[in-house]
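Per-entry structural report
So the chains spell out like this:
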Amino acid sequence: MAAPLVRTEGLCKDYLLGGEVIRAVHNVTVSIVKGEFVAVMGPSGSGKSSFMNLLGCLDTPTSGRYLLDDVDILAQNGGSMARTRSRKIGFVFQNFSLLPRSSALDNVELPLKYSRFPRRDREALAMRMLDSVGLAGRAHHLPTQLSGGQQQRVAIARAMVNSPSIILADEPTGALDTKTGLEIMQLFQRLNQGGITIILVTHEPDIASQARRILRFRDGEIVDDTSVK
Ligand code: ADP
Ligand code: MG
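This write-up is about the structure you can find in this document. Within every chain, residues take consecutive numbers counted from 1 along the sequence as written. Working convention: letters from A go to chains and numbers from 1 go to ligands, in the order in which they are written. Two thresholds apply to this predicted model, a pLDDT of at least 70 for residue-level local features and 80 or more for giving and counting side-chain atom pairs, whereas whole-chain, interface and lining totals are computed over all residues. With hydrogens and water stripped out, all remaining heavy atoms of the structure feed into the side-chain values.

Side note on the pairing of strand β2 (residues 20-33)
In this sheet, β2 lies alongside strand β1 (residues 4-17) in antiparallel orientation, the contact comprising 10 bridges. The partner of Lys 13 across the bridge, within β2, is Val 25. At least two DSSP bridges between two strands are needed for those strands to be called paired. Labels follow the DSSP assignment, with helices taken as runs of H or I lasting at least four residues and strands as runs of E lasting at least two, numbered in each case from the N terminus. Hairpin remark: β1 followed by β2, antiparallel, with 2 residues in the connecting loop; positive phi at Gly 18, about 55 degrees.

This is the structure we're talking about:
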């Protein structure tokens, strides 16, 4: 088997809230290889987002190990962790998280500034990414001038622009109607067929059934890990 792209060992995240310890992620050991398409399911409050935030280097665990592409993420300092995040990870959120006063094109270009991609090539690359999600004709629209599905396509183009190793999507279809959600899933399928690893949180069995592996969380732990096909 190929070396895992993502490997966690005994990963834990506790939150301290009003003197009470909340075990959001508890003792999670999992490996995900390059090219997998994984759905993360589980009831509300079971730790899915906390787990995704740890994988995305948006948060640090209370204990445990996390290797991304064989790099021990927790041994990195803040600056290296931020660089890893910007080069290797693309995020897609339920509510799109686009900058409201920036055009679709500017939103897609933004990660290229953080990764210090050569300035003169940024716009052309961002335009290519928008084209690849079918939105070249909407490049100068503001997010409010786009439908939910179009906004999520912009967010996916933004997530892909730095050629990450992995896409982390936290309920990316949660704010969309069924038909639009399935169109967004087709886009993720296409990206996955192109080789990108995808980890996607969803409540909906229809959406999860499009992944090839389903991890189920309960009370912060993985209680089931099933390969679909
Ligand atoms: P899910 O995404 O599966 O709904 P979360 O990861 O958001 O679950 O939350 C897991 C648990 O951690 C919940 O009990 C939640 O209330 C708690 N939690 C999440 N974020 C915080 C935080 N920043 N501070 C305190 N508790 C939190
Ligand atoms: Mg969540």
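Structural notes on the site of ligand 1
Consider each residue's heavy atoms; a residue with any of them within 4 Å of a molecule or strand counts as near. In the vicinity of ligand 1, the contacting residues are Tyr 15, Ile 22, Ala 24, Pro 43, Ser 44, Gly 45, Ser 46, Gly 47, Lys 48, Ser 49 and Ser 50. Contacts to ligand 1 include Lys 48, whose side-chain N or O atom sits 2.8 Å from an oxygen atom. Here the Shrake-Rupley method, with its probe set to 1.4 Å, supplies the accessible areas, and only the displayed protein chains count as covering residues. In isolation ligand 1 has 560 Å² of accessible area, and contact with the protein removes 63% of it. Of all the secondary-structure elements, those providing two or more residues to the shell around ligand 1 are β2 and α1 (48-55). The greatest single-element share of the shell around ligand 1, amounting to 3 residues, is contributed by α1. Residues that form the shell around ligand 1 fall into these classes: 4 nonpolar, 6 polar and 1 charged. Residues adjacent in sequence count toward polar contacts only when both atoms are side-chain atoms; beyond that, a polar contact is any pair of N or O atoms within 3.5 Å, and within protein one must be able to donate a hydrogen and the other to accept it. Just so you know the grouping, Ala, Val, Leu, Ile, Met, Phe, Trp, Tyr, Cys and Pro go in nonpolar, Asp, Glu, Lys and Arg go in charged, and all remaining residues, Gly too, go in polar.

What about the side chain of Ser 102?
Its place among the elements puts Ser 102 in the loop between β6 (89-93) and α3 (104-114). Residues contacting Ser 102, with those up to four places away along its chain left out, are Asn 107, Leu 142 and Pro 143. What makes two residues a contact is simply this: any of their non-hydrogen atoms within 4.5 Å.

Digging into the packing of helix α5 (residues 148-160) against helix α6 (residues 178-193)
To obtain each axis, a line is fitted to C-alpha atoms, and for helices this fit is confined to the stretch in contact; angles are then taken between N-to-C directions over 0 to 180 degrees. Orientation of α5 relative to α6, taken along the N-to-C sense of each, is 20 degrees, at an axis distance of 10 Å. Classed by the angle they form, the pair α5 and α6 counts as roughly parallel. In the packing of α5 onto α6, the handedness of the crossing is right-handed. From α5, Gly 149, Gln 152, Arg 153, Ile 156 and Met 160 reach across to α6, where they touch Thr 180, Glu 183, Ile 184, Leu 187, Phe 188 and Leu 191. Taken together, the residues that form the contact of α5 with α6 break down as 6 nonpolar, 3 polar and 2 charged. Should an angle fall under 35 degrees it is taken as roughly parallel, and over 145 as roughly antiparallel, whereas 65 to 115 is taken as roughly perpendicular and any remaining angle as oblique. Definitions for this section: a left-handed crossing has its near helix turned counterclockwise from the far helix by less than a right angle. A right-handed crossing has that turn clockwise.

Things to note about the sheet that holds β1
Read from one edge to the other, the open sheet built from 4 strands follows the order β2-β1-β4-β5, with strand pairing classed as antiparallel. In this open sheet, the two edge strands, each paired with only one partner strand, are β2 and β5 (71-72). Lying on the sheet, α1 is in contact with β1, β2 and β4 (63-68); it crosses β2 at an angle near 60 degrees.

Considerations on the nonpolar core
As used in this record, nonpolar core signifies buried Ala, Val, Leu, Ile, Met, Phe, Trp, Tyr and Cys residues forming a set joined through side-chain atoms within 4.5 Å. Classification of residues uses two cut-offs on accessible area relative to the type maximum, computed with a 1.4 Å probe and protein chains only: under 20% is buried, over 50% is exposed, and between them is partly exposed. Leu 130 and Phe 188 are the most contacted members of the largest nonpolar core, which has 40 residues in total. Among the elements of the structure, β3 (37-41), α3, α4 (119-132), α5, β7 (166-170), α6, β8 (197-201) and α7 (205-208) are those that each provide at least two residues to this core. Per-element accounting of this core gives the leading share, 6 residues, to α5. If near-sequence neighbours (up to four positions away) are discounted, Leu 130 is found in contact with Ala 104, Leu 105, Val 108, Leu 135, Ala 136, Ala 139, Val 154 and Ala 157. Val 28, Leu 68, Ile 73 and Ile 199 belong to the second-largest nonpolar core, a separate cluster that totals 26 residues.

As for helix α2 (residues 78-88)
By the burial criterion, the buried members of α2 are Ser 80, Met 81, Thr 84 and Ser 86. Where the residues of α2 are buried, they touch β4 and β6. Its side-chain oxygen placed 3.1 Å from the backbone nitrogen of Gly 79, Asn 77 serves as the N-cap of α2.

With respect to the sheet that holds β7
With mixed pairing, 6 strands are arranged side by side in an open sheet as β6-β7-β8-β3-β9-β10. Whereas interior strands pair on both sides, the edge strands pair on one side only; in this sheet they are β6 and β10 (221-227). Neighbour-to-neighbour, the strand axes of the sheet open up by a mean angle of 15 degrees, direction not taken into account. Direction of pairing for β3 relative to β8: parallel, over a ladder of 4 bridges. Of the residues in β8, the one forming a bridge with Val 40 is Val 201. Where α5 meets the sheet, its contacts fall on β6 and β7, and the angle it forms with β6 comes to roughly 165 degrees. The sheet strands contacting α6 are β3, β6, β7 and β8, and the helix crosses β8 at an angle near 155 degrees.

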